[in-house]
Structure formats: structure tokens, C-alpha cells
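Fold and contact review
Residues per chain, in single letters:
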Amino acid sequence: MEACRLSYEFFWEEGDKFWFSAFDHNGLYCRDNTTQEVNFLGKIPGELEYQFRLYSSIFKVGEKIFLIPHNAISIAVYDIKFEKFSKIFLKEVSCFGKQKIAMEQHKFWKSVLYNKEIIMMPCNYPAMVILNIKTFEIRYITDFVQKLDRLSLIAQPYITDMKIENDIAYCSCGCMNAVIKINLRSHESEIIVVPSKSDGYAGIAKVNDDIWLGPVISGGIIRYNTKTKKIIEYIDYPEDLKYPAVPFQTFFRYGNRLLLVPALANQFILLNIQNGKMEKIEELSRIISKEKDKNVYSYDTATAYFYQDYVLTFVNGADYGIYRYDFEREEIKSFYLYSKRHYPKAENISCLGKYTTLKERVFGEYDSFPQRDYLKCVELSILKSLQDSGQGRKIGKKIYDYTKNI
């Protein structure tokens, strides 16, 4: 049986185990780092079989795995001991009233395990969600999200990135030029407007009194001093930097420099925090700039970032390879994750790769493609079309009229 190369965008590593959820289909996996064997633990019930980016974060607490939804319907919990899944359902977006940016898709992007709670920062979900990992009780914090929705300049995520310092979460805002400061104990929040030429921010770091921010669409790296309110923009990127939008996903500290890790950019960059000068990391940039392998559908040039003790782990968006780069030793290691299961089928993921771009209006027919997933293709396509033409109010009837004759 031919092995299938797996992809993922996040993981939890503990001891000799490596837990992750697939990027391009519904599946939870565990890799034994000793034997390098990858075990399939199951499909999350009640979710699409073929969907990109079902989940955005994973946490292991005791004998339970928590999966935080991005495009999934709900939070998933896997009991390692009993090998069973359960679901924790969230309020529907419509329960929060009329919103400009909120939607059922793209719920959360950044989450953190903090004081026996999982705190989920809203991407396009209209609340910050706090889950008690013992009782499974859920709380919704909506005040700052409502303000962001009202003040938003563009239809980008509420929160794009987060860094924590002394119980305070500093969050970059995608829908306006602002930083959200959230006390993780009291849940009090403050919106700090940071004017610039950017249309929102993606990527954040806090170094002493300075907050560093990356652009959502275009623009330079912003340095904002929290005491003096002084703003400096650094625009002298390395030569041949290219990106359609969202160049960077997050920032990490490396000595007196910031590591700018790419979302859609074709380079890894080191920025000197003293003078703002930037340099391209040649070896890492070369890895993510190569042509994509067949049947690779990753959105980003690189993802699944983890940074600890000056070692950066990431997944290459060109080949689903996992790379670990030691900045101190200047050493790089790589490996791939494979599964010998029949699932997923390449032709189904190929169709998925087309419809999730929301540019294709023609769908192929495959005997093995689940009807529910096929209808989801049609629904997403019509939804995007109606959003573009401003006909959202009649979407339900139009989707029904379109699908009833299939």
C-alpha cells in the first residue's frame, strides 16, 4: 500500500509523542518519535471529511486532547485512555446579534492554555471564548470584539496574533490598526490605536516598552513605544521579498533581533531591534520558495511554528516537510509524516483544493466524494458569490434553489 504524506498546521509534543490534526482532511494522528510510526486515532464526528484547516490549535491536558475549531463546527475532545471523541458546542454566531465581520467559518486562530483554562482569541467568531478544562464550562467575552467590529476598517480577523507578558495578552488586530491589551485574569481589555499606512496588523512581539507589528496587506514593520507613543515604520525589506498579502504570521525574539516568520511571504527575515535593519535567512527562504509538490494544498509558505531554546520548528508549505532549525548551531533537520491508510483519497482533496479557493465554479464528480461535502462545496461557492454581490439576505433561499435539483 502506497504511503500518503500528511500535513498539519499545529502540534503538541510531549515525551516521545507528537500529536496533530491533519490540515487537508478530518483526522487526528499521533506519531511515536521513537519508532517514527504514525497512528491514525480517528475522524472527529460531526465534521466534514474533507475540509482545510478544521482546527487551529491543539492542547494535551492529562489524558485528553483538545482541538480548537477554525472551520470546524465545535471544540473536539479526544480521551486517550478510552479512545473516544466528544464535542463541546459553541453558541452560533447569530446569537450575538448583527456583526460586520463575524461568521461561522474561521472561528479561532490563536489560543493559549492558561491557568487551567483554554483561552480562544477570536478570528471571525464574535467573542473571546474561555474553556475550563476540568468542568468544560464555557464563558464568552464580547465587549472588545463588539468594539472592534464597530470600528473595523476592513473585513479581516479580529485577532491575528498574540504574545503574553505578566498575565497580559498583547494581540495584533487584523481589522483595524490597533493592539488589543487583555488582562487574562480579570478579562478587562483596552484597544490601543496604532496609526500607520497598514490596513490592520498580523504578527506581534513585545520587547520591553516596544510593540512590534507586521502588516495585514502591505506596509512596513511598525515599532510602537507604549510609553512615548512614538511610531516608527521600517520598510527596507530584503531584496526580492514577495507576497500577495499577509507577509508574516508571527514574530519570535532571537537575541537583539526579531525572527519574522512568513505566512504568505517567500522569506524568513531577521530584524535588528536596535536599528530596524532586516536580512534574509537564505537557507530557510530557499526551502519555502521551491515549487510546490503535487497534491500539496497548503495556504501558507510555511506554518506550524514552534520556537523554543533558539530552535524553530515549521512545516514547509511546498512539500509538507517538517523542518527544525537550530539558530545557535546553524543546523537544520527535516522529516515527513506518512500514513498507509486508504483515507484520504487524492482526487477528493484535489477537488477540495479547488473549491476552498472560492474561485472555481465547476466541480468534478467522484463516486467516493461524500454528498455532504459536495454540497458544502456548492454552499461555499454560492456564499462567496452572494457576498461579493451584496445579496446575503436571501442566501438561504438561493442555496436551497440551487441544490434541490442536484
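Keep in mind it's a predicted model, so treat the numbers as computed, not measured.

Conventions and cut-offs
Residues numbered from 1 in each chain as written. Predicted model: local features only at pLDDT ≥ 70, side-chain atom pairs only at ≥ 80, totals over all residues. Heavy atoms only, no water. Phe/Tyr/Trp six-rings, centres within 6.5 Å; stacked < 30°, edge-to-face > 60°. Buried < 20%, exposed > 50% of the residue type's maximum accessible area, 1.4 Å probe, protein only. Helix = DSSP H or I, 4+ residues; strand = E, 2+ residues; numbered from the N terminus. pLDDT = per-residue confidence, 0-100. Contact = heavy atoms within 4.5 Å. Pairing = 2+ DSSP bridges. Axes fitted to C-alpha atoms, helices over the stretch in contact; angles between N-to-C directions. Polar contact = N/O pair within 3.5 Å; in protein donor to acceptor, adjacent residues only side chain to side chain. Salt bridge = Lys/Arg side-chain N within 4 Å of Asp/Glu carboxyl O.

Turning next to the packing of aromatic side chains. One pass over the full model with this rule turns up 30 aromatic pairs. On the basis of an interplanar angle of 15 degrees and a centroid distance of 4.7 Å, the ring pair of Phe11 and Phe18 is categorised as stacked. Across this residue pair, the class does not change: Phe11 and Phe18 are buried. Plain terms: the ring middles of Phe23 and Phe52 are 4.9 Å apart, the flat faces sit at 15 degrees to each other, and that makes the pair stacked. Of this pair, Phe23 sits in the loop between strand E3 (17-21) and strand E4 (28-32) while Phe52 sits in the loop between strand E5 (38-42) and strand E6 (55-61), and the two are 29 residues apart along the sequence. Here Phe23 falls in the buried class, since its relative accessible area comes to 3%. Each residue in the set Tyr8, Phe11, Phe18, Phe20, Tyr29, Phe40 and Phe306 is aromatic and connected to the rest through ring pairs, giving one cluster.

The next point concerns the confidence of the model for the chain. With 83% of its residues at a pLDDT of 70 or more, the chain shows a mean pLDDT of 86. Within the model, the stretch residues 353-369 combines pLDDT values under 50 with 35 contacts to residues more than four positions away or in other chains.

With antiparallel pairing, four strands are arranged side by side in an open sheet as E2-E3-E4-E5. Looking along the sheet, the strands with just one partner apiece sit at the ends: strand E2 (12-14) and E5. Across the sheet, the mean angle from the axis of one strand to that of its neighbour is 20 degrees, orientation sign disregarded. Judged from the three bridges that link them, E2 and E3 form a sheet pairing that is antiparallel. Paired with Trp12 across the bridge in E3 is Trp19.

With that out of the way, let us pick up the sheet that holds strand E17 (residues 189-193). Here four strands make up an open sheet; going across it, the order is E14-E15-E16-E17 and the pairing antiparallel. Edge strands, defined here as strands with exactly one partner in the open sheet, are strand E14 (159-165) and E17. Across the sheet, the mean angle from the axis of one strand to that of its neighbour is 20 degrees, orientation sign disregarded. In this structure, E14 lies alongside strand E15 (residues 168-173), joined through six bridges in antiparallel fashion. Looking at E15, one finds that Glu165 is bridged to Ile168.

Once that is clear, we can look at the side chain of Asp319. Here Asp319 shows up in the loop between strand E27 (311-316) and strand E28 (322-326). Judged by its relative accessible area of 0%, Asp319 falls in the buried class. A polar contact of 2.9 Å, which involves the side chain of Asp319, links it to the side chain of Lys290. A polar contact of 3.2 Å, which involves the side chain of Asp319, links it to the side chain of Asn316. Beyond its immediate chain neighbours, meaning those up to four positions away, Asp319 contacts Arg5, Lys290, Asp293, Val296 and Tyr336.

It is worth spelling out the pattern of salt bridges at this point. In total, this model carries 20 salt bridges according to the counting rule given. As a salt-bridge pair, Lys110 and Asp161 come within 3.4 Å of each other at their nearest N and O atoms. Taken together, the residues Lys110 in strand E10 (residues 108-114) and Asp161 in strand E14 connect sequence positions 51 residues apart. For Asp161, a relative accessible area of 0% corresponds to the buried category. Here Glu165 makes a salt bridge to Lys206, at a shortest N to O gap of 3.0 Å. Linking Glu165 in strand E14 with Lys206 in strand E18 (residues 201-207), this pair joins segments that are 41 residues apart in sequence. The partly exposed category is assigned to Glu165, whose relative accessible area is 29%.

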